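Reading the structure
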Amino acid sequence: MSISTDRPWRDPALPAAERVGLLLQAMTLEEKVAQLGSRWAGNDMADSELPEDETINVAPMEDVFSAGGSQSLEDASRDGLGHLTRVWGSYPLSVEQGIAEVIRQHEVVLKNSRLGIPALVHEECLTGFTTYGATVYPASIAWGATFDPSLVERMAAAIGRDMAAVGVHQGLSPVLDVVRDYRWGRVEETMGEDPYLVGILGSAYVRGLQSAGVLATLKHFAGYSASRAGRNHGPVSMGKRELLDIILPTFETAIATAGAGSVMSSYSDLDGLPASADPWLFTDVLRGEWGFEGTVVSDYWAVPFLASMHRVAADNADAGALALTAGTDVELPDTIGFAGLVDKVKSGEVSEELVDRAARRLLLQKVELGLLDEDWTPEGSVRASVELDSVENRAIAAELAEKSVVLLDAGTALPLTNLAKVAVVGPVAHDPRTLMGCYAFPNHVLPRYPERGMGIEIATPLDALRNELAGVDVSYSKGCEVIGDDRSGFDEAVATAQESDAVVAFVGDLSGLFGHGTSGEGCDAEDLRLPGVQGDLLDALLDIGKPVVVVVISGRPYALGLFADRAAGLVQAFIPGQQGAAAIAGVLSGRIVPSGKLPVQIPRHIGGQPGTYLQPALGSVESAGISGLEVRPLYPFGYGASYTSFEVGDLRLSTPEIASDGEFTATVRVRNTGDRAGDEVVQLYLRDVVARVARPLKLLTGFARVSLEPGRAVDVTFQVHADRTAYTGPDLRRIVEPGEFEVMMGTSSLDLPCRASVRITGDVRVVGHDRVLTTPVTIAKDPGGG
């Protein structure tokens, strides 16, 4: 291959860093700043005047993709461009149209770029590739319910392969925020309320996506999920210790163990300082302590928000200077704040070294992705034919859904057998949108194009239950809408229920954006009662005397204390995706032995937030009597029932005492004592008996999903390093402290029958980013053969 002598940075034989250095030397200030920006040429969120013709050809798409902003792609890329924003995720395109549009936008950028530097293409991928016709997987909160990192990794690899095949280089996932308040609308986008669970599953997602050559983006850095009253974009009032011990470890784990390529800033401020303007977060911690070498991208419009929302900058240009200085490398989704950087550098207000720092990071990724190789072309960056909703994808989606459904209580009615007539009631029983999250394309974009349908085949719970219960007369009545106070359908629903042998009531959420839903971004809740009048519908059904199985399909946990004792069965399905209806129906019929575990607690009462399990003594059940508020959950973190039974016992510690840099193993025997094969999730928690600060009474420290035939047993062994006891002390240094630690093992945070103690000896040890962040686990067959 012949490399042009005037463009030596295109030589793949040279080290990547050397190629970037050569390119930076050849670039003007304007060209370097252009690499720090982006253009969302397809943003139509504020424009409804778009083509509706299903057979639209490629040529008119130029008009569509220039409708979303005041600056054309040609103008935006006159000196080059860093990112192309959501080419696939903005408008319902066929695969052929999308490929043509990717090529077209690349050609515009290359034509305007003196040095021929391609832009990097990024897309959303929170519940799968967010584009028309792509498989919709369960929402992240459902991944949490699986407690299955290997499955999450397989899903992410499938998502990454699809994205890479159509020219996407970076995916804006996973969300590593830890749930702090169930009212927050974006609970559905998280993997739960425990930092270890979120960190392990998030790292698995990163490994899967990046195995396909697509950069993963950790978001939202940091503290976004702890906004006051669960309000989107609300201020965050947590102290540094909570940030260091609960919020940041998920990001640190994904960087240290999975090599995440990018981090996205949070919208929120932390104690008055917006994350995007905080050099401690993005430079001191992320870069200095953790050694992160990837790119920091802004959340959409987070840079101009420094001026318009946070009021810490006088205007967009000042906001851009502030964000760049703090450590933001690329502004998304359009260049607004960074547009003023050239003038800021020329006036001496911003050092050109900061521009070089950010440009070097992005250009290094472009080199590593092959975008600067001599033989790279827009046409060569995509495949001619791609199936975005393949049989293989749907199989993974189905497995995730099946493993995520949580049986809260089988009651007297589950599984459904020997029934002649079943009434299906409720607003989420026959609406496919309720199975998908707010970043699934059918909920995220298609509400603006209702004539396009779903773009995928998706059965509703009613469809799936009719298919599942062969020979059973399954009737249906909606009863009410997900949102609103219309009770006019109650009488029909009650009449339908009265004519049945049993009732299955489907209640829960409809995900949307910014108030156009009950769950999702900007869809925060005042309290944890079921949305609209769904609670009243349940009351009406429960009062008629028929057995009522309640199925909640939701993105957040709702308070079920008023219904649990009256229901004949209770199931929680966290937004289970395209294949979710069949998974729920399989659990209801008994075909599937449920194995999901709660990644968030199910509250008893609608108020009293926040209420996650990570509480010190004064915030836990041990504080009973000092407040009139009940803090015990209806169902605890980690809980999930089954149609078989398991026994966890025979806890063995390798040693009762370790040094502050030592480790021990904890082994339990898990036995399937029921008559059906099934999965159990063994959970290890640690409790620091006496610490220098008030710490949570228990912390998930390890977990393992095991599959067992009836009567069979396995030994599950956790390898626990002393570093796993580390916490942030009074002086804000992370320490391993000598003392006694209680080791607790079982099947939920409140079902921990196996307990022992281990003592750490020696001096207090200060630990950093090089500490052990994970708890390895091994599973061995019962040596006794049982």
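Quick summary incoming for the structure in this document.

1. Describing the overall build of the protein chain
When its secondary structure is counted, the protein chain shows 20 helices and 27 strands. On C-alpha atoms alone, the protein chain measures out to a radius of gyration of 27 Å, which is about the 28 Å that the 2.2 N^0.38 rule sets for 786 residues. Dimensions of the protein chain, computed from the C-alpha atoms along their principal axes, are close to 80 × 70 × 50 Å. Buried residues in the protein chain amount to 62% of all 786 residues. Charged side chains in the protein chain number 65 positive and 105 negative. The centres of these two groups are separated by 4 Å.

2. Description of the sheet that holds strand β5 (residues 215–221)
Note: strands within a sheet are paired through backbone hydrogen bonds, in either parallel or antiparallel orientation. Strand order in this open sheet of 7 strands is β1-β2-β3-β4-β5-β6-β9, and the pairing throughout is parallel. A single partner strand is all that each edge strand has here, and the edge strands are β1 (38–39) and β9 (295–297). Pairing geometry for β5 and strand β6 (residues 262–265), over 3 bridges, is parallel. Note that in β6 the partner of T217 across the bridge is S262. Of the strands in this sheet, β2 (83–85), β3 (120–123), β5 and β9 touch helix α14 (residues 352–368), which is tilted by about 110 degrees from β9.

3. Comments concerning helix α10 (residues 279–289)
Of the positions making up α10, those classed as buried are L281, F282, V285, L286 and R287. The arc that holds the buried residues of α10, viewed along the axis, is 165 degrees, so those residues lie on one side. Counted as exposed and oriented over 90 degrees from the buried face of α10: G288 and E289. In this structure D278 caps α10, since a side-chain oxygen of it lies 2.9 Å from the backbone nitrogen of W280. G291 lies just past α10 and shows a positive phi near 70 degrees.

4. With respect to the side chain of S477
Relative to the helices and strands, S477 is located in strand β12 (residues 473–477). Within the local environment of S477, its side chain forms a polar contact with the side chain of E492, the two groups lying 3.3 Å apart. Sequence-distant contacts of S477, defined by excluding residues within four places in its chain, comprise V424, V425, G426, G489, E492, A493 and T496.

5. Topic: the environment of V706
Counting through the fold element by element, V706 comes out in strand β20 (residues 699–708). When the C-alpha positions of V706 and E293 are compared, they lie 36 Å apart, and in sequence the two are 413 residues distant. Beyond its immediate chain neighbours, meaning those up to four positions away, V706 contacts V670, G678, D679, E680, V682, V714, V716 and I779.

6. Focus: the packing of helix α8 (residues 195–211) against helix α9 (residues 240–258)
As a packed pair, α8 and α9 sit with axes 8 Å apart at the nearest point and diverge in direction by 30 degrees. The orientation of α8 relative to α9 falls into the category roughly parallel. You can see that α8 and α9 cross each other, and the crossing is right-handed. On the side of α8, the interface is formed by P195, V198, G199, S203, V206, R207 and Q210, while α9 contributes D245, I246, T250, T253, A254, T257 and A258. Of the residues that constitute the contact of α8 with α9, the class distribution is 6 nonpolar, 6 polar and 2 charged.

7. Focus: the environment of T518
Here T518 is to be found in the loop between β13 (502–508) and α19 (534–542). Take T518: its relative accessible area is 11%, and that puts it in the buried class. For T518 and P531, which are 13 residues apart along the polypeptide, the C-alpha to C-alpha distance reads 6.8 Å. Excluding residues that lie within four positions of it along the chain, T518 makes contacts with V482, I483, G508, D509, L510, C523, P531, R556 and Y558. Engagement of the side chain of T518 in a polar contact is seen with the side chain of D509, the distance being 2.6 Å.

8. Side note on the pattern of salt bridges
On inspection of all chains with the given rule, the structure shows 41 salt bridges. Note that R695 is salt-bridged to D688, the shortest N-O span being 3.2 Å. Look at the salt bridges and you will find they share partners, linking D148, R154, E399 and K403 into a network.

9. Examining the packing of aromatic side chains
The full count for this structure, using the stated rule, is 19 aromatic pairs. Their ring planes at 80 degrees and their centres at 5.1 Å tell us that W184 and Y224 sit as a pair that is edge-to-face. Residue W184 is located in the loop between β4 (170–171) and α8, and its partner Y224 is located in the loop between β5 and α9; the two are separated by 40 residues in the primary sequence. Each member of the pair, W184 as well as Y224, is classed as buried. When the ring of Y613 is compared with that of Y685, the centres are 6.1 Å apart and the planes differ by 85 degrees; the resulting orientation is edge-to-face.

10. Regarding helix α18 (residues 490–498)
Buried within α18 are the following residues: F490, A493, V494, T496 and A497. Buried positions in α18, seen along its axis, are confined to an arc of 160 degrees and lie on one side of it. For α18, the exposed residues set more than 90 degrees away from the buried face come down to D491 and E492. Where α18 is buried, its residues contact β11 (421–425), β12, β13 and α19.

11. A short note on the layout of surface pockets
Roughly 670 Å³ of volume is contained in the second largest pocket. Along the wall of the second largest pocket there are 34 residues; nearest its centre are D245, I246, R695, L699 and A726. Listing elements by their share of the lining of the second largest pocket, those giving two or more residues are α8, α9, β19 (678–688) and β20. Here the element with the most residues in the lining of the second largest pocket is α9; it accounts for 8 residues. When the residues that make up the lining of the second largest pocket are grouped by side-chain class, the tally is 18 nonpolar, 4 polar and 12 charged.

12. Focus: the environment of N443
Summarising the element assignment, N443 is placed in helix α16 (residues 441–444). Between the C-alpha atom of N443 and that of G520, which follows or precedes it by 77 residues, the distance is 10.0 Å. Residue contacts for N443: discarding those within four places in its chain leaves R433, M436, G437, C438 and S511. In terms of polar contacts, N443 uses its side chain to reach the backbone carbonyl oxygen of R433, at 3.1 Å. Within the structure, N443 has its side chain in polar contact with the backbone oxygen of M436 (distance 2.9 Å).

13. Topic: the sheet that holds strand β23 (residues 734–736)
Overall, antiparallel pairing links the 3 strands, which are arranged β22-β23-β26 in an open sheet. Looking at which strands have only one partner, the edges of the open sheet turn out to be β22 (727–728) and β26 (765–766). Both β23 and β26 contribute to a ladder of 2 bridges, which runs antiparallel. Looking at the pairing, V736 lines up with R765 of β26.

14. Let's talk about the packing of α18 against α19
Across the interface, α18 lies against α19 with an axial gap of 10 Å and an inter-helix angle of 35 degrees. Along this stretch, α18 crosses α19, giving a crossing that reads as right-handed. Along the contact surface, α18 presents F490, A493, V494 and A497, while α19 presents D536, L537, A540 and L541.

15. Points about the pairing of β19
Extensive coverage of β19 is indicated by the burial of 10 of its 11 residues. Both β19 and β20 contribute to a ladder of 9 bridges, which runs antiparallel. Bridging across to β20, E680 finds its partner in V706.

16. Focus: the pairing of strand β18 (residues 663–672)
Inspection of the sheet shows strand β16 (residues 646–653) paired to β18 by 6 bridges, in the antiparallel sense. Counted as the bridge partner of G649 is R669 from β18. Across 9 bridges, the pairing between β18 and strand β21 (residues 713–721) is antiparallel. Across the sheet, the residue bridging to A666 is F718, located in β21.

Quick notes on the rules
- Residues numbered from 1 in each chain as written.
- Predicted model: local features only at pLDDT ≥ 70, side-chain atom pairs only at ≥ 80, totals over all residues.
- Heavy atoms only, no water.
- Helix = DSSP H or I, 4+ residues; strand = E, 2+ residues; numbered from the N terminus.
- Rg over C-alpha atoms; globule rule 2.2 N^0.38 Å.
- Buried < 20%, exposed > 50% of the residue type's maximum accessible area, 1.4 Å probe, protein only.
- Lys, Arg positive; Asp, Glu negative; His and termini not counted.
- Charge placed at Lys NZ, Arg CZ, Asp CG, Glu CD.
- Pairing = 2+ DSSP bridges.
- Contact = heavy atoms within 4.5 Å.
- Axes fitted to C-alpha atoms, helices over the stretch in contact; angles between N-to-C directions.
- Arc of directions from axis to C-beta.
- Polar contact = N/O pair within 3.5 Å; in protein donor to acceptor, adjacent residues only side chain to side chain.
- Parallel < 35°, antiparallel > 145°, perpendicular 65-115°, else oblique.
- Left-handed = near helix turned anticlockwise from the far one by under 90°.
- Nonpolar A, V, L, I, M, F, W, Y, C, P; charged D, E, K, R; others polar.
- Salt bridge = Lys/Arg side-chain N within 4 Å of Asp/Glu carboxyl O.
- Phe/Tyr/Trp six-rings, centres within 6.5 Å; stacked < 30°, edge-to-face > 60°.
- 1 Å grid on protein atoms, 1.4 Å probe; cavity = no way out; pocket = protein on both sides within 12 Å on 5 of 7 lines; lining within 4 Å.
- Points joined across faces, edges and corners; volume = space filled by probe spheres on them.

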